[in-house]
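Single-letter residue listing:
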Amino acid sequence: MFVPEDHSHRRYNALLDEWVLVSPHRTKRPWQGQVEAPVIPVRNTYDPTCYLCPGNTRMGGELNPAYPGTFVFDNDFAALQKDAPAGGSDDGFFRSVSEKGICRVICFSPQHDLTLGEMTTPDIAGVVATWQDQFRELAQHPDIGYVQIFENRGAMMGSSNPHPHGQIWATQHTPTLVAKEEATQRVYYATHQQTMLSAYLAQEITAHERVVCENRSFVALVPFWAVWPFETIILPRRPMATIDQMSAGEATDLADILKRTVTRYDNLFQTLFPYSLGIHQAPTKMIDNGHWHWHIHIVPPLLRSATVRKFMVGFELLAEPQRDITPEQAARRLRECSEVHYRTEVPQ
Ligand code: H2U
Ligand code: ZN
């Protein structure tokens, strides 16, 4: 008889219209591969060599002000150019199109060694307010069609600096993954007259196997179709197309769920859990966006410990994403973690 905890199977990702291969039996296989050295964070509230700390000079020569909360600046090494001239090619297979954009860096806190999980809920609410302000401003820009807000955390994810920070890449066109979510949500809404993620959340709440934590306005859960071992999605209970539609209460609740979710991650392997976190929301110039239900994906690479990560290689890279532990096991382990951060816990 088929038992999902024991037998290989595929799960359907309704949001991306893709499949993921689940191999739960494989967690028993011996590990003789790469072991990464643990990154032991040194506590220092200010680093004179950090290009994000207040009062320091960035690599581009600009001086950071003595900021008290969040601080946003234009990325000195932006991946997109504001003034890229219109153009491209449409020559058979040689199709290209110019892409304008705005890239910014957001410092979450003036304190060099704080992370989202360790910041106070009001201070995280300050980050949420900054995301909303940035979104509002960039959405007005005539050249901007989509605003991607994200955080790369930890050296394993290629983050260049431990100072708590995120980025914004605002683009002219809708990026590929967001375009897929746009299409699936649009079709679902047209057929069912409710957002796909409202219906999905209702089914997850009923199943109650993959929920990690929740509050009045948000639920954090390991999606049924999660690809990365401890991947989560944070879903607003109320469907909203974009983050600027949150009420003040919802914005505070978002800060609360972020703190609790990230703290659980950090406590899982007693490490500052590396991840990429990103907000998916409606493209900015879309008027008929009732099908959009904005949400946050948190995608961490760790699998077995603070040093052993999941590799997306071989079959995953060439055929289909694959995972070892089940989403239900991952959710259970995150649920068992404390919401008191291990770095702030008072020793007995
Ligand atoms: P990551 O740690 O996620 O790479 O983000 C840091 C960003 O900061 C990165 O995109 C930018 C880099 O281009 N940066 C500046 O804009 N100015 C600097 O002085 C150094 C880094
Ligand atoms: Zn710093």
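Here the structure is shown first, and the text comes after it.
Starting afresh in each chain, residues are numbered from 1 along the sequence in its written order. Chain labels run from A onward and ligand labels from 1 onward, assigned in the order the entries are written. At least 70 in pLDDT is required for a residue's local features to be given in this predicted model, at least 80 for side-chain atom pairs to be given and counted, and no such filter applies to totals for whole chains, interfaces and linings, which use all residues. Derived side-chain values reflect all non-hydrogen atoms in the structure, with water molecules and hydrogen atoms excluded from consideration.

### Brief notes about the coordination of the zinc ion (ligand 2)
Here the zinc ion (ligand 2) is held by the protein donor atoms Cys 50 (SG), Cys 53 (SG), His 112 (ND1) and His 163 (ND1), which lie 2.1 to 2.3 Å from it. What the four donor atoms of the zinc ion (ligand 2) show is an angle range of 102 to 116° at the metal, which sorts the shape as tetrahedral. A donor here means any N, O or S atom no more than 2.8 Å from the metal (3.2 Å for Na, K and Ca); water is not included, so a site may seem to lack partners. The sequence pattern describing where the donors of the zinc ion (ligand 2) fall on their chain is C-x2-C-x58-H-x50-H. Of this pair, Cys 50 sits in the loop between strand E2 (18–22) and strand E3 (71–74) while His 112 sits in the loop between strand E6 (101–107) and helix H1 (121–140), and the two are 62 residues apart along the sequence. Here Cys 50 falls in the buried class, since its relative accessible area comes to 3%. Square planar and octahedral sites, with four and six donors, are those where opposite donors lie more than 155 degrees apart and all other angles lie between 65 and 115, tetrahedral sites have four donors with every angle between 85 and 135 degrees, and the rest are irregular. Every helix listed is a DSSP run of H or I at least four residues long, and every strand listed is a run of E at least two residues long, numbered separately from the N terminus. Burial status follows relative accessibility: with a 1.4 Å probe on protein chains alone, a residue under 20% of its type maximum counts as buried, one over 50% as exposed, and anything between as partly exposed.

### Here's the deal with the packing of aromatic side chains
The rule is short: rings of Phe, Tyr and Trp, with Trp giving its six-membered ring, pair when the centres are within 6.5 Å, and they are stacked under 30 degrees, edge-to-face over 60, tilted in between. Evaluation of the coordinates by the stated rule reveals 12 aromatic pairs. An angle of 10° between the planes, with centres 4.8 Å apart, marks the rings of Tyr 265 and Phe 273 as stacked. Residue class for Phe 273 comes out buried when judged on its relative accessible area of 0%. Over the ring of Phe 224 we find Arg 11, and its NZ or CZ is 4.5 Å from the ring centre. Charge-over-ring placement is defined geometrically: NZ (Lys) or CZ (Arg) within 6 Å of the ring centre, and within 35 degrees of the ring normal.

### With respect to the site of ligand 1
The full set close to ligand 1 counts 14 residues, and Met 59, Asn 75, Asp 76, Ser 160 and His 165 are the nearest of them. Any N or O atom pair separated by 3.5 Å or less is treated as a polar contact, with the protein-specific requirement of one donor-capable and one acceptor-capable atom, and with residues adjacent in sequence counted only for side-chain atom pairs. Measuring from an oxygen atom of ligand 1, one finds a backbone N or O atom of Met 59 at 2.6 Å. The separation between an oxygen atom of ligand 1 and a polar side-chain atom of Ser 159 is 3.3 Å. Note on areas: Shrake-Rupley with a 1.4 Å probe; residue coverage comes only from the protein chains shown. Relative to its unbound accessible surface of 470 Å², ligand 1 loses 89% to contact with the protein. Ten residue types, Ala, Val, Leu, Ile, Met, Phe, Trp, Tyr, Cys and Pro, are classed as nonpolar, four, Asp, Glu, Lys and Arg, as charged, and the remainder, Gly among them, as polar. Across the shell around ligand 1, the residue classes break down as five nonpolar, seven polar and two charged. Here a residue is near a molecule or strand as soon as one of its heavy atoms is found within 4 Å of it.

### Details of the sheet that holds strand E14 (residues 322–323)
For two strands to pair, DSSP has to find at least two bridges joining them. Here we have three strands laid out as an open sheet, ordered E1-E2-E14, and mixed in their pairing. Whereas interior strands pair on both sides, the edge strands pair on one side only; in this sheet they are strand E1 (9–13) and E14. Alignment of E2 against E14, held across two bridges, turns out to be parallel. Of the residues in E14, the one forming a bridge with Val 22 is Arg 323.

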